[in-house]
Amino acid sequence: IDAIRRAKDPAAYARAVWSAEPPPANLLPNADFATPADAEGPPEGWFQWQDETSHGSVRTAGGLVELRGMSNGCFGIAIPVKPGALYAVRMKTRSEGRGLASLSTGWKTAEGAWTATPQNRRFVGVEPPDADGWCDIIGLVEAPASAGQMVFMGAAMGQLDESDRCWFRAPAVAEAGQ
């Protein structure tokens, strides 16, 4: 029955994982973006990347990560995964100006080499934002047989200048079965 539910509506399945009581354990370190408290760059333990033609900025402050002026960039973290396991992923985003904010997943081997790129995923919010402008992005991914790590990323693309920006908060990854 679970396999049918997952195949029919993976987002609904992931939402059910996140609404379970007790809530599932979040596998992401520093997921509250508390450190550093206020600094240029990504949260402690996370990386940043942008295309060579992109000249945006990343800032962590007040439990939020802001991507500004990014034509194509992201911040993220690699975490260990079990090959073949299912994971529910989620993050909240808010945008101002042009561009698209998304949650992306990629895969690396246990040794850190990129693998299974056709199984990379990019998720965007499908529900309208709440009254404060925050949109919940939720997805379900399966770790490829060759994967030992998931690369979890908040990404922005299409931001043309410094007035275009997006914020990310509450990132989470949880085991969702096999």
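Residues numbered from 1 in each chain as written. Predicted model: local features only at pLDDT ≥ 70, side-chain atom pairs only at ≥ 80, totals over all residues. Heavy atoms only, no water.

Caption draft 1: Main features of unusual backbone geometry. Of note, the amide linkage connecting Glu21 to Pro22 takes the cis form, showing an omega dihedral of -5°. Assignment of secondary structure puts Pro22 in the loop between helix 2 (10–19) and strand 1 (38–40). Here the amide bond leading from Thr35 into Pro36 is cis, since omega sits at -5°, within 30 degrees of zero. Summarising the element assignment, Pro36 is placed in the loop between helix 2 and strand 1. Of note in this structure, Asn30 is not a glycine but carries a positive phi near 50°. Along the polypeptide, Asn30 turns up in the loop between helix 2 and strand 1. (Helix = DSSP H or I, 4+ residues; strand = E, 2+ residues; numbered from the N terminus.)

Caption draft 2: Main features of the side chain of Gln159. Of note, Gln159 is situated in the loop between strand 10 (149–157) and strand 11 (165–177). By relative accessible area, which is 3% here, Gln159 ends up buried. Looking at Gln159, its side chain comes within polar contact range of the main-chain oxygen of Leu67, at 3.4 Å. Residues within four places of Gln159 in sequence aside, it is in contact with Leu67, Arg68, Gly69, Met70, Ser71, Arg98, Gly99, Asp164, Arg165 and Cys166. (Buried < 20%, exposed > 50% of the residue type's maximum accessible area, 1.4 Å probe, protein only. Polar contact = N/O pair within 3.5 Å; in protein donor to acceptor, adjacent residues only side chain to side chain. Contact = heavy atoms within 4.5 Å.)

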